[in-house]
Amino acid sequence: MNKFKIGTYIAGWNEGGIKKLRYNCLDFINYAFAVPTEDGDIRPFANPDFVHQVVKEAHEHGVTIVISVGGWSWQDVPLEATFEKATETPEKIERLAKAITAVVDEFDFDGADMDWEYPRIHTAAVNEKLLELLSAAMKERGKLLTAAVFAGVSALDNGNDHLGNSVKDIVYGFTDRALELFDWINLMVYDGGNGALHSSYDFALRSGRMWRDERKVPADKLVLGVPFYGRPGGAYWKILAAHPDADLPVFVEHLPDHESYMKASRHMHACAAAAGAK
């Protein structure tokens, strides 16, 4: 990579989001989500026609689009245990890799983005095996393999995330070999907590440095995840309604209503057509 990459998510549950995409601002799109099952399969998309439409429009505009596999939850049930079950045997790992590859083939995605939240130290080996199989399949097709990963540092600076999970346990859910397999990784530098803990500038700096310096991921493979929402309850359109100057190039740590967010430049505002924004 020799330039910054700008990407966004588009969510399958919000089909209106496609109308807001500014393709001229984007290098890639992550389509959310392909949901795994405990048996190592992928659940069918609710609206396959919409998936085909999104992929077709992205390609017509010269924008890369990958399928994000996983996410935090499905039907309000966290997916971490599902990923563990889906990778508990070599047979299931192979089945899941083939199922993901089949989705990439069927819908003409440009690759797969792994969003297991989160592999841990005790699942690092099976995570590596899954990623090796996926990497081989994607390379064979000239496709990409990327990932969305935990920020890697504590917003509270106490060694734990906001849910009390060990940061180290999550960070080392990826082996060195696993990290080498990705074309790039997206750092989820948000949801550090409510208010000023959500996504501070310091949080972003420490995240990038950890993945670059401790885990040795080349800087040009790191993509900073920027939240266009506040915590608590701050959808982007609500932020703009409450704070009309929120698209000015200023960083806000903490507002009187206890929301914290990055105020983006007007250019980024135009490019930030995240699914769900209005």
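Everything discussed here concerns the structure shown above.
The rules we used
Residues numbered from 1 in each chain as written. Predicted model: local features only at pLDDT ≥ 70, side-chain atom pairs only at ≥ 80, totals over all residues. Heavy atoms only, no water. Helix = DSSP H or I, 4+ residues; strand = E, 2+ residues; numbered from the N terminus. Expected span 1.5 Å × (residues − 1). Buried < 20%, exposed > 50% of the residue type's maximum accessible area, 1.4 Å probe, protein only. Contact = heavy atoms within 4.5 Å. Phe/Tyr/Trp six-rings, centres within 6.5 Å; stacked < 30°, edge-to-face > 60°. Salt bridge = Lys/Arg side-chain N within 4 Å of Asp/Glu carboxyl O. Pairing = 2+ DSSP bridges. Axes fitted to C-alpha atoms, helices over the stretch in contact; angles between N-to-C directions. Polar contact = N/O pair within 3.5 Å; in protein donor to acceptor, adjacent residues only side chain to side chain.

Caption draft 1: Summary view of helix α4 (residues 124-141). With 18 residues, α4 extends 26 Å between its outermost C-alpha atoms, agreeing within 8% with the 26 Å of an ideal straight helix rising 1.5 Å per residue. For α4, the full list of buried residues reads A124, N127, L130, L131, L134, S135, A137 and M138. The elements touched by buried residues of α4 are α3 (90-107), β6 (111-116), β7 (144-150) and α6 (176-180). One or two residues past the end of α4 sits G142, with phi positive at roughly 70°.

Caption draft 2: Expanded view of the environment of I65. If you trace the backbone, I65 turns up in strand β3 (residues 64-71). Overall, I65 belongs to the buried group, its relative accessible area being 0%. The spatial distance from the C-alpha of I65 to the C-alpha of D113 is 9.7 Å, given a sequence separation of 48 residues. Not counting the four nearest positions on each side in its chain, I65 is found in contact with I29, Y31, V54, V55, A58, H59, F109, D110 and G111.

Caption draft 3: Local environment of the packing of aromatic side chains. This model, assessed by the stated rule, comprises 13 aromatic pairs. Judged by centre distance (6.2 Å) and plane angle (50°), the ring pair of Y31 and F109 falls under tilted. With a gap of 78 residues between them, Y31 in strand β2 (residues 28-34) and F109 in the loop between α3 and β6 connect regions that are remote in the sequence. You'll find Y31 and F109 in the same group, each marked buried. Centre to centre, the rings of F174 and F182 are 5.9 Å apart; their planes meet at 75°, and the pair counts as edge-to-face. For the residue pair F174 and F182, the accessibility class agrees, reading buried in each case.

Caption draft 4: The pattern of salt bridges, seen in detail. Evaluation of the coordinates by the stated rule reveals 17 salt bridges. Among the salt bridges present, the one from E88 reaches K85, with a minimum N-O distance of 3.5 Å. On the basis of relative accessibility, which here comes to 45%, the residue E88 falls in the partly exposed class. The exposure class of K85 is partly exposed, given its relative accessible area of 34%. Here K143 ties to D108 by a salt bridge, and the two come within 3.6 Å at their closest N and O atoms.

Caption draft 5: Here's a closer look at the sheet that holds β6. Strand order across the open sheet formed by seven strands is β1-β2-β3-β6-β7-β8-β9, with parallel pairing between neighbours. Among the strands making up the open sheet, the edge pair consists of β1 (7-11) and β9 (222-224). Each strand axis lies, on average, 25° off the axis of its neighbour in the sheet, ignoring direction. Judged from the five bridges that link them, β7 and strand β8 (residues 184-188) form a sheet pairing that is parallel. Bridged to T146 within β8 is W184. Relative to β6, α3 is tilted by about 135°, and along the sheet it contacts β3 and β6.

Caption draft 6: Spatial organisation of unusual backbone geometry. With omega at -5°, the peptide bond leading from A32 into F33 counts as cis. With respect to the helices and strands, the residue F33 is situated in strand β2. With an omega of 0°, the peptide bond between E117 and Y118 qualifies as cis. Among the secondary structure elements, Y118 is positioned in the loop between β6 and α4. With phi around 60°, D108 is a residue other than glycine that occupies positive phi space. The partly exposed category is assigned to D108, whose relative accessible area is 41%. Here the phi dihedral of D157 falls at roughly 60°; this positive angle occurs in a residue that is not glycine. Turning to its location among the elements, D157 is positioned in the loop between β7 and α5 (167-171).

Caption draft 7: Spatial organisation of the side chain of S207. When you line up the elements, S207 lands in helix α7 (residues 201-214). Here the side chain of S207 touches A151 through a polar contact of 2.7 Å, landing on its backbone oxygen. With residues near it in sequence (within four places) discarded, S207 still touches A151, V153, L187 and V189.

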